[in-house]
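Geometric and topological summary
Listed below are the residues making up each chain.
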Amino acid sequence: MVAIKAPEDAYTAEPFVPGRGGLTALRRAAAECRGCPLHRDATQTVFGDGNKDARVMLVGEQPGDQEDRQGKPFVGPAGRLLDRALEEAGIDPSEAYVTNAVKHFKFTQAEPRKRRIHKAPTLREMTACGPWLAAELAVVEPELIVVLGATAGKALLGSSFRVTQVRGTVLEEEIHGRPERLVPTVHPSSVLRADDREAAYRGLLSDLKVAARVLA
């Protein structure tokens with residue numbers, strides 16, 4: 001008897017991505033995604049959110065605890081810090097589109113009711129989720145992608161990406177078949193974890209000002 005494989009064993013979201021429709025259709029379809037095993041433990045899919053005509057798309061790593069509970073990206077402490085930095089840099093957060101390379105929260109938990117600890121997604125999990133990001137880019141067609149952190153950079157630009165080497169620079173690359181301009185920076189959660197939080201915040205702000213100049 002041949003064992004029947006579960007959809008998540010294929011590690012690709014491709015069969016779940018609708019062939020047509022806008023962000024609403026994508027969000028609805030993503031809620032049913034079983035493209036990798038991460039859906040099993042997460043509360044829900046956390047799809048991108050924001051202006052469908054956004055000139056800038058911000059791509060982070062994956063949802064955190066608060067995002068997983070609320071179903072929206074960047075609603076926790078890192079999201080609030082990001083909004084503050086965007087405003088200071090001259091980018092209106094309400095006119096941006098924010099999303100993550102991976103749409104389900106990956107975590108470890110010592111025992112039930114204990115705090116859920118964020119765990120970085122693997123390259124295989126990022127690749128599995130890639131079709132959702134490709135679909136978002138095709139609908140939004142941003143002028144600029146702000147890459148937030150190493151995981152988002154690896155998802156978009158490959159496993160050799162190092163945020164420390166290219167942060168605050170303007171890159172021109174083909175992403176999912178489209179020519180894109182990108183400005184990489186750190187993930188705002190790394191600012192919250194930094195020993196010198198003020199210096200880390202100034203670095204993030206400096207990178208976002210580069211993005212603002214590109215959009216000016």
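Note that this is a predicted model, so its numbers are computed, not measured.

Calculation rules
- Residues numbered from 1 in each chain as written.
- Predicted model: local features only at pLDDT ≥ 70, side-chain atom pairs only at ≥ 80, totals over all residues.
- Heavy atoms only, no water.
- Salt bridge = Lys/Arg side-chain N within 4 Å of Asp/Glu carboxyl O.
- Helix = DSSP H or I, 4+ residues; strand = E, 2+ residues; numbered from the N terminus.
- Buried < 20%, exposed > 50% of the residue type's maximum accessible area, 1.4 Å probe, protein only.
- Axes fitted to C-alpha atoms, helices over the stretch in contact; angles between N-to-C directions.
- Parallel < 35°, antiparallel > 145°, perpendicular 65-115°, else oblique.
- Left-handed = near helix turned anticlockwise from the far one by under 90°.
- Contact = heavy atoms within 4.5 Å.
- Nonpolar A, V, L, I, M, F, W, Y, C, P; charged D, E, K, R; others polar.

**Some details on the pattern of salt bridges**
Under the counting rule described, the total for this entry stands at twelve salt bridges. Here aspartate 65 makes a salt bridge to arginine 116, at a shortest N to O gap of 2.9 Å. Residue aspartate 65 is located in helix α2 (residues 65-70), and its partner arginine 116 is located in the loop between β4 (107-108) and β5 (117-118); the two are separated by 51 residues in the primary sequence. With a shortest N-O distance of 3.0 Å, lysine 106 and glutamate 125 are connected by a salt bridge. In this pair, lysine 106 is assigned in the loop between β3 (97-100) and β4 and glutamate 125 in helix α4 (residues 123-140), connecting sequence segments 19 residues apart. Here lysine 106 and glutamate 125 have matching classes, each one buried. One network of salt bridges, with partners in common, ties together Asp65, Asp68, Arg69 and Arg116.

**Some thoughts on the packing of helix α1 (residues 23-30) against α4**
For the pair α1 and α4, interaxial distance at closest approach is 10 Å and the crossing angle is 165°. Considered as vectors, α1 and α4 are oriented roughly antiparallel to each other. In terms of crossing hand, the pair formed by α1 and α4 is left-handed. Judged by residue contacts, Leu23, Leu26, Ala29 and Ala30 of α1 engage Trp132, Ala135, Glu136, Val139 and Val140 from α4. Tallied by class, residues from the contact of α1 with α4 come to eight nonpolar, no polar and one charged.

So yeah, pure geometry; function would need other evidence.
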